[in-house]
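Okay, here's what each chain looks like letter by letter:
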Amino acid sequence: MADQQATRSANIARKTNETDIQLNFNVDGSGISELETDVPFLNHMLDLFTKHGQFDLQVKAIGDIDIDDHHTVEDIGICLGSTLREALGDKKGIKRYANVFIPMDEALAQVVIDISNRPHFEYRAQYPSAQVGSFSTEMVHEFLWKFALEARITLHVIVHYGQNTHHMIEAIFKALGRALDEATSIDPRVKGVPSTKGVL
């Protein structure tokens, strides 16, 4: 476990009657993703998240997409959140907070993070379309909420404006990557954990 915390990476294998997921997440990566899921739009968003956050992420997921994408998207969010929480360990030296705005053409998204051990999710986004291809925009909320819950972080996501649904969601995932990279980065001025409680 000590070595795992030193490298700030973690992996999970999670199998249910609905999904079979193997996921490895390295906080201190170089933007490399290897994604094998049956949800192409989610693959695209996770690739953006990984690249702009400078993480390494490997996901292999099989789900009951003959029903719909819901279980696969939700369970990948669960697994990603779980590995983030494990990878950060005691959270000593991290910056903890981040606030990032990302534009994508006409769309502007904001992601605010507190790595707090207090799971909370606020989401403000209204999309022009209910779907991007075969991907339901409802799944963005499900993924982010389950990610925040399992990572035990406070996560606020706001899409201030936009006209293209794809652009709006893309801006969210890019901002999530950048914000998480900043919040998890080590600040040499921080002694112990960044909390007056002495623990996160």
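Given the structure is predicted, the values throughout are model-derived calculations rather than measurements. Throughout, residues of each chain are indexed from 1 in the direction in which the sequence is written. Only residues with pLDDT of at least 70 get local features here, since the model is predicted, and only at 80 or more are side-chain atom pairs given and counted; chain-wide, interface and lining totals rely on the full set of residues. Side-chain metrics rest on all non-hydrogen atoms present in the structure, leaving aside hydrogens and water.

**A look at the packing of helix α4 (residues 138-151) against helix α5 (residues 165-184)**
- Their axes nearest at 12 Å, the elements α4 and α5 cross at an angle of 15 degrees. With respect to α5, the axis of α4 lies roughly parallel. Two packed elements cross with a definite hand, and for α4 against α5 that hand is left-handed. Here Val140, Phe143, Leu144 and Phe147 of α4 lie close against α5, whose contacting residues are Ile169, Ile172, Phe173, Leu176 and Leu180.
- Only Asp, Glu, Lys and Arg are considered charged in this grouping, and only Ala, Val, Leu, Ile, Met, Phe, Trp, Tyr, Cys and Pro are considered nonpolar; every other residue, Gly among them, is considered polar. Looking at the contact of α4 with α5 residue by residue, the class counts come to nine nonpolar, no polar and no charged. Every axis in this analysis is a line fitted to C-alpha atoms, fitted for helices over the stretch in contact. Angles between the N-to-C directions lie between 0 and 180 degrees. A run of DSSP states H or I qualifies as a helix once it reaches four residues; a run of E qualifies as a strand once it reaches two. Both are numbered from the N-terminal end. An angle below 35 degrees is read as roughly parallel, one above 145 as roughly antiparallel, one from 65 to 115 as roughly perpendicular, and any other as oblique. For any pair of crossing helices, the crossing counts as left-handed if the nearer helix is rotated counterclockwise from the farther one by less than a right angle, and right-handed if it is rotated clockwise. Contacts are assigned to residue pairs that have any heavy atoms within 4.5 Å of one another.

**Some words on the pattern of salt bridges**
- Whenever a carboxyl oxygen of Asp or Glu lies within 4 Å of a side-chain nitrogen of Lys or Arg, that contact is scored as a salt bridge. Under the definition given, this model contains nine salt bridges.
- Linking Arg14 and Asp75 is a salt bridge whose minimum nitrogen-to-oxygen distance equals 3.1 Å. Taken as a pair, Arg14 in strand β1 (residues 9-15) and Asp75 in helix α3 (residues 70-88) lie far apart in primary sequence, 61 residues in all.
- Given a relative accessible area of 4%, Asp75 falls into the buried group.
- Arg124 serves as the salt-bridge partner of Glu122, at 3.0 Å between the closest nitrogen and oxygen.
- For every residue, the accessible area obtained with a 1.4 Å probe (protein chains only) is divided by the maximum for its type, and the residue is called buried under 20%, exposed over 50%, and partly exposed between those limits. Residue classification places Glu122 among the partly exposed positions, given a relative accessible area of 24%.
- Given a relative accessible area of 49%, Arg124 falls into the partly exposed group.

**Considerations on the nonpolar core**
- Counting residues in each nonpolar core, the largest one holds 59 residues, and the members touching the most others are Phe25, Leu144, Leu155 and Ile172.
- When residues no more than four places from it in sequence are discounted, the contact partners of Phe25 are Arg8, Ser9, Ala10, Phe49, Phe55, Asp56, Leu57, Leu80, Thr83, Leu84 and Leu180. Nonpolar cores were defined as sets of buried Ala, Val, Leu, Ile, Met, Phe, Trp, Tyr and Cys residues, with membership established by side-chain atoms within 4.5 Å.

**Comments concerning the sheet that holds strand β2 (residues 19-26)**
- Two strands form a pair only when DSSP identifies at least two bridges running between them. Here four strands make up an open sheet; going across it, the order is β1-β2-β4-β3 and the pairing mixed. Each end of this open sheet is capped by a strand with a single partner; those strands are β1 and β3 (32-36). In this sheet, neighbouring strand axes are inclined to one another by 5 degrees on average, regardless of whether the strands run parallel or antiparallel.
- Two strands pair when backbone bridges link them, and β3 and strand β4 (residues 56-63) are joined in this way by five bridges, in the parallel orientation. Paired with Ser33 across the strands is Leu57, a residue of β4.
- Against the sheet, helix α2 (residues 40-53) engages β2, β3 and β4, with an angle of about 165 degrees to β3.

**Describing the pairing of β2**
- Alignment of β1 against β2, held across seven bridges, turns out to be antiparallel. Counted as the bridge partner of Ser9 is Asn26 from β2.
- Once β1 ends, the chain turns through three residues before running back antiparallel as β2.

**Some points on the packing of aromatic side chains**
- A pair of aromatic rings is counted whenever rings of Phe, Tyr or Trp (Trp by its six-membered ring) have centres within 6.5 Å, and the orientation is called stacked for planes under 30 degrees apart, edge-to-face for over 60 and tilted otherwise. Summed over all chains, the structure comprises eight aromatic pairs.
- With 4.9 Å between their ring centres and 40 degrees between their planes, Phe41 and Phe135 make a pair best called tilted. You can see Phe41 sitting in helix α2 and its partner Phe135 sitting in strand β9 (residues 135-136), a full 94 residues away along the chain. We note that Phe41, like Phe135, is buried.
- Here the aromatic rings of Phe49 and Phe55 are separated by 5.1 Å at their centres, their planes lie at 40 degrees, and the arrangement is tilted.
- In this structure Phe55 comes out as buried when scored by relative accessible area, which is 0%.
- Every member of this aromatic cluster is reached through a ring pair, and the members are Phe25, Phe49 and Phe55.

**Quick notes on α2**
- Working rule for helices: expected span equals 1.5 Å times residues minus one. Spanning 14 residues, α2 covers 20 Å between terminal C-alpha atoms, matching the ideal 20 Å at 1.5 Å per step.
- Three or more residues of α2 are buried, namely Phe41, Leu42, Asn43, Met45, Leu46, Leu48, Phe49, Thr50 and Gly53.
- Of the residues trailing α2, Gln54 is marked for its positive phi of about 55 degrees.

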